[in-house]
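Given next are the chains, with one letter for each unit.
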Amino acid sequence: MAGSREVARHWRYAELPGVDLLRARYVRKNFVRHTHEHFVIAGIAEGVEVFQHRGGDQYAGAGTLALVNPDTPHTGRAGVPEGWRYGAVYPSPELVAGIAAETTTLRGAPGFVSPVLEDPYAVALVHQVLRAADEGNALAADTLLRVAVTRLLRLNGGALPTRQVRTAGDRMAARARAVLEERLVDPPTLERLAGDLGTSPFALLRAFRDAYGMPPHTWLTDARVRLARRLLDAGTAPAEAAVAVGFTDQPHLNRHFARIVGVPPGEYQRERKNVQDVRRRLHVPSGGWQNRQLSQTYGTTGEEGRTPPSSGTPLASGSPSDSPGSPSE
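Here is a short report on the structure shown in this document.

What counts, and where the lines are drawn
- Residues numbered from 1 in each chain as written.
- Predicted model: local features only at pLDDT ≥ 70, side-chain atom pairs only at ≥ 80, totals over all residues.
- Heavy atoms only, no water.
- Core = buried A, V, L, I, M, F, W, Y, C linked by side-chain atoms within 4.5 Å.
- Buried < 20%, exposed > 50% of the residue type's maximum accessible area, 1.4 Å probe, protein only.
- Helix = DSSP H or I, 4+ residues; strand = E, 2+ residues; numbered from the N terminus.
- Contact = heavy atoms within 4.5 Å.
- Pairing = 2+ DSSP bridges.

**Re the nonpolar core**
Leu-21, Ile-41, Leu-65, Val-89, Leu-145 and Leu-152 are the most contacted members of the largest nonpolar core, which totals 34 residues. Among the elements of the structure, β2 (19–26), β6 (64–68), α1 (93–103), α2 (120–134) and α3 (138–156) are those that each provide at least two residues to this core. Ignoring sequence-local partners within four residues, the contact set of Leu-152 consists of Ile-41, Leu-65, Leu-67, Phe-112, Leu-117, Ala-122 and Gly-157. Core analysis: the second largest hydrophobic core is formed by 17 residues, Ala-176, Leu-180, Leu-204 and Leu-220 among them.

Okay, structure coming up:
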């Protein structure tokens, strides 16, 4: 991987509502345990990412995808000294459910079964979605995104389990979470929270970890960053957003925001504010447009350096409900 400088861009494209986009290269970045409201579909171009997921380390190398369902705690760090380079799309649960209903036989809330999937074809599709968004090609970006999600659901999809509050510990954790949601800016101590719920601090800590995959203070930071993102999206200045969600000042927000989102809040807000101010170069692709996407942006993926076919080919066998085959097919 050339160079060691860390770079990242986190943005939205107005023609892809309900989808966040990320392109990044990280070497020393260490994502703390956090969750996303959206799905994570990250295509690794180079290097290796390691992320804790449901109690174990998962390794995603070049040509594989890291797949995380909404509200699933996970981390992220480099698995090799040179770090990792990747592109990611974050579609909303509503968008994924709509695609699943139209193109698969999945019932219930759809999700991914395995957190790591080796599929250079789908990795290439993810990178091409980002490139299409960069170039202002709404038709290509939307089409490629839907083809990629359909493919991944067909290869690695299943119905997400419905969380049911059954035990006394589950109920106690749910009550504690409700209190923290109400008191995001001024939360109680663990001892006070446990006392108000009629339990001990360590009993509450165990119950909360079992229910949500992280201790209350980690969940609180994650929730604050989520709210800060909404405020930044609405145009609130980072310093004002920091105080509004309960951080002491903007540097406090900066530190936690970058360790969860991957970019500082100011940069995050600038990208989302300015990305639609200037329409990018191309709006109608040339015949070889898609074939050039991956090589121009990230280089090839997979040992054989194959990329998806030229414009229109992923749907050559029919509609998006016809799962596109691998490049060798």
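Text resumes after the structure shown.
**Topic: the pairing of strand β4 (residues 40–53)**
Counting buried positions along β4 gives 12 out of 14 residues, so the element sits mostly inside the fold. Relative to β6, β4 is paired through 4 bridges, and the arrangement is antiparallel. Considered in β6, the bridge of Ala-42 is made with Ala-66. Bridging between β4 and strand β8 (residues 84–91) involves 6 bridges; their strand directions are antiparallel. From the neighbouring strand, Ala-42 faces β8, where its bridge partner is Ala-88. Bridge count for β4 against strand β5 (residues 56–61) is 6 bridges, and the pairing is antiparallel. Note that in β5 the partner of Glu-49 across the bridge is Ala-60. Alignment of β4 against strand β7 (residues 74–78), held across 3 bridges, turns out to be antiparallel. Its bridge partner lying in β7, Val-50 is registered against Arg-77.

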